[in-house]
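# Per-entry structural report
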Amino acid sequence: MNFYDPIGFFYTCYKEHRAVEYSIKRLRRVYPDAPIYLVSEGADFSYLEEDYDEISTHLEEDTMSPTFHITGDYWQGNFRERNNQEAIHKCAWATLTRLEKAIDYCKTEYMVMCDPDVLVRGKLTIPEGAKLLGTRLNQLPPEFKGLQKVLTDHGGIPIDCWGAQPCVFHTETFLKALSVLKSDRTILDKLSMEYYALHAHDLLLPLMFALVGEEETFNPDIIECERDGAWQSKPNPLVHQFRVYYE
């Protein structure tokens, strides 16, 4: 695959029309020509294609809702039950397939994975050689250390923390990791038996990149509204948890 532009954007959403519209409006002020690939699991956003160039929208099956009742306590959680494992796998593979299609559409060296509560209000800085950027805010509880063993058993590196949301990732490395998962689909099965939130992309992407020896790097571009009350006066260009327009 030939990569033409430095950065593209992938949106995953449900029915958050006003939030998505505002997020893309702000994005276009900074990146007027960057390609955008949007997938919704609940509403038709195709009207955005009339308002903007370089955007492709898709309405697809809701794979996230069936995971909402899944509980993740190591001893008493229901995440290992067969029907819940099936829901986790379906959701995870849907995300990976959609990202693969987004990469093919955008043809960019890097992708930014956005939820409707993400604002891009300035140019992003991607350190040279970085493969995956995130917050690294989540810590792996000791009882879930089996997750690390699955990674190392399959030639990867262990991870203790993650937080790839908003996620900035190197597309060629993603495709390399995806080929590993496709070549042995039992890897995802094993990982999902060791930790309940495999389908959440803030963990799914770090796990993928760990399989090919790449650790998530802290991204100083990110600021979160709920963790920093002064976020509006700070210069961070990548804002998370902006939910003013959620309905």
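Here's what I pulled together on the structure shown here. (Residues numbered from 1 in each chain as written. Predicted model: local features only at pLDDT ≥ 70, side-chain atom pairs only at ≥ 80, totals over all residues. Heavy atoms only, no water.)

### Overview of the sheet that holds strand β12 (residues 238–240)
Note the threshold: By this definition, two strands are paired if DSSP reports at least two bridges between them. Each helix is a run of H or I in the DSSP string that is no shorter than four residues. Each strand is a run of E no shorter than two, and both are numbered from the N terminus.
Strands sit in the order β5-β12-β11 across an open sheet of 3 strands; the sheet is mixed. Lying at the two open borders of the sheet, with one neighbouring strand each, are β5 (119–120) and β11 (222–224). In this structure, β5 lies alongside β12, joined through 2 bridges in antiparallel fashion. Opposite L119, over in β12, you have V239 as the bridge partner.

### Description of empty space enclosed by the protein
Applied cut-off: Each cavity reported here is a set of points on a 1 Å grid over the protein atoms alone in which a 1.4 Å probe fits but cannot get out, each pocket an open set with protein on both sides within 12 Å along at least five of seven lines, and each lining residue one with an atom within 4 Å of a point. Grid points are joined across faces, edges and corners, and a volume is the space filled by probe spheres set on the points. Asp, Glu, Lys and Arg are counted as charged, while Ala, Val, Leu, Ile, Met, Phe, Trp, Tyr, Cys and Pro are counted as nonpolar; the rest, among them Gly, fall into the polar class.
Scanning the model with the defined rule gives 1 cavity of 30 Å³ or more in all. In this model, the largest cavity occupies a volume close to 40 Å³. Lining the largest cavity, in full, are A19, Y22, S23, P116, V118, L119, F242, R243, V244, Y245 and Y246. For the lining of the largest cavity, the element with the most residues is helix α1 (residues 17–30), which contributes 3 residues. When its residues are assigned to classes, the lining of the largest cavity shows 9 nonpolar, 1 polar and 1 charged.

### Notes on unusual backbone geometry
Only a minority of non-glycine residues have a phi that is not negative, and only a minority of peptide bonds are not trans. Counted only if it meets this: Residue burial is assigned from relative accessible area. The probe radius is 1.4 Å, only protein chains are included, and a residue is buried under 20% of its type maximum, exposed over 50%, and partly exposed in between.
P166 follows Q165 through a cis peptide bond whose omega is -5°. Inspection of the secondary structure puts P166 in the loop between β8 (161–162) and β9 (167–170). You will see that K107, though not glycine, has its phi angle at about 55°, which is positive. Note on placement: K107 falls in the loop between α3 (82–106) and β4 (108–114). On the accessibility criterion, K107 (24% relative accessible area) is partly exposed. Although it is not a glycine, R136 sits at a positive phi angle of roughly 55°. In this structure, R136 sits in the loop between β6 (132–134) and β7 (138–139). The partly exposed category is assigned to R136, whose relative accessible area is 24%.

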